[in-house]
Amino acid sequence: MDVITQTNRTMLFEEINPEKLNILTLIGDTKDLESLDDAKIKEIHENLLVRNFDEFLEKFEPVVYSFFNAATQNVSYTLEKPENIPEEYISEIPLNKQNDFLNMLFTLMDSKRAQGIINVDFKFEKILDMISPKKIMRDIKQVRKEIHYLYGEYEKLDDEDPKKLDIGDKLNYKFEEASQNYNNVMAMLPLAIEDIKTRLLLTQNSSKKTEGQLQLGMLSMGENGELKVLEIPQKEKNELLAISATDTNTGLAVAFKEDYEAVNEDPSEYVKSLVVRTFCPMTAVVDSDVDVEQEVTNYNTYLEFYKNAKDDFIKTVKPLVEKLLGVKVFFEQYNTKERGMMPTLLVCNTSLDMLVNSANIDRIKTYFNTVNNKNDYANTVWLGIVPNVELEQSKTKKVARQRFRGNVVVEKTDGNSMESLTTLMEVAKDYKIQMFFSFETGEQTTFNAVATSGVEKFVEKSRPLVKKDFSEYVSCCLPNFTIVPKEKSEVVLDNRMLLNEQGGVELSKAREDVMKLWIEGVYVGAAYAAAGIVAACQCPDYLRERFSNVSNKYPGVRYDIEAGENALHTVTTMGKEITGFTNTIKNVINSKGFGFVFASESSQVQGKEIKNITVYKARTMAMVDDVYDSLYKTMVSTYVERMLRFLSNDFKQENVTKFFSNNPRSQKSLWEADKAYVNAIIQDGDELGCEIDDTTNECNIKLGFNGDVKNLKVSVTKSTVKQG
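Numbers given for residues are sequential positions, taken from 1 along each chain in its written order. Residues qualify for local features only when their pLDDT is at least 70, as the model is predicted, and side-chain atom pairs are given and counted only at 80 or more; totals for whole chains, interfaces and linings, by contrast, use all residues. To get the side-chain values, take all heavy atoms of the structure and skip hydrogens and water.

**Looking at the overall build of the chain**
A helix here means a DSSP run of H or I that spans at least four residues, while a strand means a run of E at least two residues long, and both kinds are numbered starting from the N terminus. Check the secondary structure of the chain and you find 25 helices and 25 strands. Each residue is placed in one exposure class: buried if its accessible area under a 1.4 Å probe, protein chains only, is under 20% of its type's maximum, exposed if it is over 50%, and partly exposed if it falls in between. Counting all 724 residues of the chain, 52% fall into the buried class. Residues count as neighbours in contact if any of their non-hydrogen atoms are within 4.5 Å of one another. Pairs at least 24 apart in sequence give 72% of the contacts found in the chain among residues at least 6 apart. Where accessible areas are quoted, they stem from the Shrake-Rupley method and a 1.4 Å probe; at the residue level, only the protein chains shown are allowed to cover. When the accessible surface of the chain is summed, it comes to about 36000 Å², and 47% of that surface belongs to carbon and sulfur atoms.

**Side note on the pattern of salt bridges**
We define a salt bridge as a side-chain nitrogen of Lys or Arg found within 4 Å of a carboxyl oxygen belonging to Asp or Glu. Going through the model one piece at a time under the given rule, you end up with 43 salt bridges. E641 is paired through a salt bridge with K432; the nearest N and O atoms lie 3.3 Å apart. Note that E641 is positioned in helix α23 (residues 631-647) and K432 in the loop between α16 (418-428) and β10 (434-439), a separation of 209 residues in sequence. The exposure classification of E641 matches that of K432, with both residues buried. For D674, the salt bridge identified is with K553, shortest N-O distance 2.8 Å.

**Comments concerning the sheet that holds strand β23 (residues 686-693)**
Judged by pairing direction, the sheet is antiparallel, and its three strands sit side by side in the order β23-β24-β25 without closing on themselves. For this open sheet the edge positions go to β23 and β25 (708-715), each flanked by a neighbour on one side alone. The average angle at which neighbouring strand axes cross in this sheet is 20°, direction not considered. Note that β23 and strand β24 (residues 698-705) share eight bridges and pair antiparallel. Bridge assignment links C690 to a residue of β24, and that residue is I701. Where α23 meets the sheet, it contacts β23, β24 and β25, and its direction lies at approximately 30° from that of β25. Paired strands, as defined in this entry, are two strands with at least two bridges between them according to DSSP. Orientation is described by axes fitted as lines to C-alpha atoms, over the contacting stretch for helices, and by angles from 0 to 180 degrees between their N-to-C directions.

**Remarks on the sheet that holds strand β9 (residues 383-389)**
Taken in spatial order, the nine strands line up as β2-β8-β1-β9-β10-β11-β18-β21-β22 in an open sheet, and their pairing is mixed. Because the sheet does not close on itself, it has two edges, and the strands there are β2 (49-50) and β22 (627-630). Where α16 meets the sheet, its contacts fall on β9, β10 and β11 (474-478), and the angle it forms with β10 comes to roughly 175°.

**Describing the packing of aromatic side chains**
Here is the rule: rings of Phe, Tyr and Trp (six-membered ring for Trp) pair when centre to centre is within 6.5 Å. Planes less than 30 degrees apart are stacked, more than 60 are edge-to-face, and the remainder are tilted. By the definition in use, this model includes 26 aromatic pairs. Pairing F547 with Y559 gives two aromatic rings, centres 5.8 Å apart and planes at 65°, and the pair type is edge-to-face. Here F547, found in the loop between α20 (540-544) and α21 (566-569), pairs with Y559, found in the loop between α20 and α21; they are 12 residues apart in sequence, far enough to count as distant. With respect to class, F547 is no different from Y559; both count as buried. Ring-over charges, as used throughout, are those where CZ of Arg or NZ of Lys falls within 6 Å of the ring centre and within 35 degrees of the ring normal. K328 extends its terminal NZ or CZ atom over the ring of F106, reaching a point 5.0 Å from the ring centre. The residue whose ring lies beneath R642 is W382, and the NZ or CZ to ring-centre distance is 4.5 Å.

**Focus on the environment of D129**
Along the chain, D129 falls in the loop between α5 (124-128) and α6 (133-156). A relative accessible area of 15% means that D129 is categorised as buried. Considering only alpha carbons, one finds D129 and L493, 364 residues apart in sequence, at a separation of 7.1 Å.

**Describing α16**
With eight of 11 residues buried, α16 lies mostly within the body of the structure. M418, S420, L421, T422, L424, M425, V427 and A428 are the residues of α16 that are buried. As for α16, its buried residues are in contact with α14 (352-355), α15 (361-372), β9, β10, α18 (456-461) and β11.

**Focus: the side chain of N566**
As for its position among the elements, N566 is in helix α21. N566 has contacts with F547, Y559, D560 and I561, leaving out every residue within four places of it along the chain.

**Here we look at the pairing of β9**
Across the seven residues of β9, seven count as buried, placing the element largely inside the fold. By the bridge criterion, three bridges tie strand β1 (residues 9-12) to β9 in an arrangement that is parallel. Pairing of M11 across the sheet is with G384, part of β9. As paired elements, β9 and β10 share five bridges and run parallel to each other. Across the sheet, V386 pairs through a bridge with F437, a residue of β10.

**Focus: the side chain of R642**
Turning to its location among the elements, R642 is positioned in helix α23. Although R642 lies buried, it forms no salt bridge, and the closest oppositely charged side chain, E641, sits 6.9 Å away as judged by the N-O distance. The contact partners of R642, leaving out residues within four places of it in the chain, are I4, N372, Y377, T380, V381, W382, Y431 and K432. Charge assignment: positive for Lys and Arg, negative for Asp and Glu; neither His nor the chain ends contribute.

**Some remarks on the nonpolar core**
Among the buried residues, those of types Ala, Val, Leu, Ile, Met, Phe, Trp, Tyr and Cys that are joined through side-chain atoms within 4.5 Å form a nonpolar core. Ranked by size, the top nonpolar core spans 203 residues in total, and within it I23, F101, F256, Y367 and F596 carry the most contacts. At 18 residues, the largest contribution of residues to this core is made by helix α13 (residues 292-332).

**Remarks on a negative patch on the surface**
There is a patch of like negative charges on the surface, built from E19, E80, E83 and E92. Relative to the assigned elements, E19 resides in the loop between β1 and α1 (23-27). Exposure above 30% relative accessible area and no salt bridge define the residues that can form patches, which grow by joining like charges within 9 Å and nonpolar side chains of Val, Leu, Ile, Met, Phe, Trp and Tyr within 5 Å. In this description, the location of a charge corresponds to atom NZ of lysine, CZ of arginine, CG of aspartate or CD of glutamate.

**Some details on unusual backbone geometry**
Of note, the bond from L478 into P479 is cis; its omega dihedral lies within 30 degrees of zero at -10°. The residue N706 is not glycine, and still its phi comes out positive at about 50°. By the secondary structure assignment, N706 is in the loop between β24 and β25. A relative accessible area of 53% means that N706 is categorised as exposed.

Written out as structure tokens, the structure is:
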């Protein structure tokens, strides 16, 4: 590990935020340039290289833009910043850990992983309702508790007390978080919905009393000992309200009013009252003069608007969210306490089509030439991720007349073409970058789809990648992972509100009055997980937590995840999805060894049940004897060549001969002495040798893996010094 310190730098060929710099812009014009200077590489990495998911969100700040369309009376969402709309009419919705939709998906992934339950049995609806107004309000209540606690502690202390200043900083941060939503109507809508419901259902007067409503009362005994619940007289109610309006509540109410007015040039009295009611206890701010009919109308309007806007938001944001989840999945595979060779991700932040455009392809070649064709391997790119490659779908049967509502086929426009992937591979092969690609997400590429329909369509669609010079550097990854299945993606928001005959209000129980939306499936491309697990396995510390015989001297390039029970030790962090593939499907996969295939099977290792998805096959598109070749063979070949280049000082003949000699201190002998390790470069049954053709100055390196031979050729440089 002294020479090559990392073998898991990964490149993501996707666009995340068009407003941020991308690799093409940063590289710039490369005409007449062989490589980029160190300052330029540093600039690229400062902008595009991330070491974990939090840093990824921080650097790229993924965002959705929204604006109100008065013509259609709705909110429009877009992933690209509208250029023809003034800034003041555009709202930015950050996609970070505070975003309710993204946070819900994170929680769902964690819960499913912890429970280890397959999709058909998992209660998705329990977590999906996190984006309903009542659950958003629940989260706000937790924030409210924290603010009240901090404010109470703040008020107890003297003004000059250093502790008070520390608490003041925390309060400022909490208020800053709250104030970001003051002008965001969509963020305030769920608060308004729950606020109206709370006030109307829990604070109606006795003349409008209906079943299920709350009237404050006192328990007492009648003259004959019977239990009675007596309503509290109005005078006592007023006294109760006065008592509950504590100094803390009053002070906070004033603070929120002032804060709202300070950050709004055109404040709304309604929103200001809503903010105060949200962050202060109800009894301190309840207004007894409520126009019930108007509030019911507002409630139903808000709920309808929220439902439609949320529906449009999810449809717009889902492609970007799937990319974010993919990056999270990539980093999550490095599931280890010790942090040694941590995977790093270089995000191109531009579309693959743009990258491989004839006007731009030389730029990326120059970057690769700089980081992959030097003897300094600190910035070498070893792995690549190309998700969302287009997959031809089966054509829907046409009908003469549509008698019932059916699916509306939406044509995807943001996928990567097979042509773009092959163009990229023609370049990537020269720099020995191991590429992982997966097909577009959706029902047709899930575990269920593979379990029922097999892998033939993936094999067929991947044929352009077979028997090419680059075949050994590309792997087809499948199936894609299901975060939310389409058929279990219902989200119940709430029920419409009705005025009843007594003048009170109640939530409608009619089926048509239940407001709901359908997320219609969220998925993650298998390429993210495949690259993530391979990147994780490169780290000796990661392997050491799973095996006892691991050497610190070597990366995991020779680690064969298919061998023995290895796949049951280095499992993914993804929870199982199905009961498994049929033997027929597995026989088809095994007959050719196609793809980097994940399995959702019932299995045990050392008496412990495996609840996670495992790697079933780890193959490239290269074929040897009509069978797809193992990924690790190409990784070892690349590693040996790079070590040889460094230690032989760019393939000087005498140094190459020394590298492969039987001298106890030769690199070959050192590797052979460590065969017992699970991450040994040369393992039992392996061979390593070379033959140099003096006429062509070509060195043929023979790599034998348990009888399977792989040849590697390099051009050697003869010594100019005459031997005496």
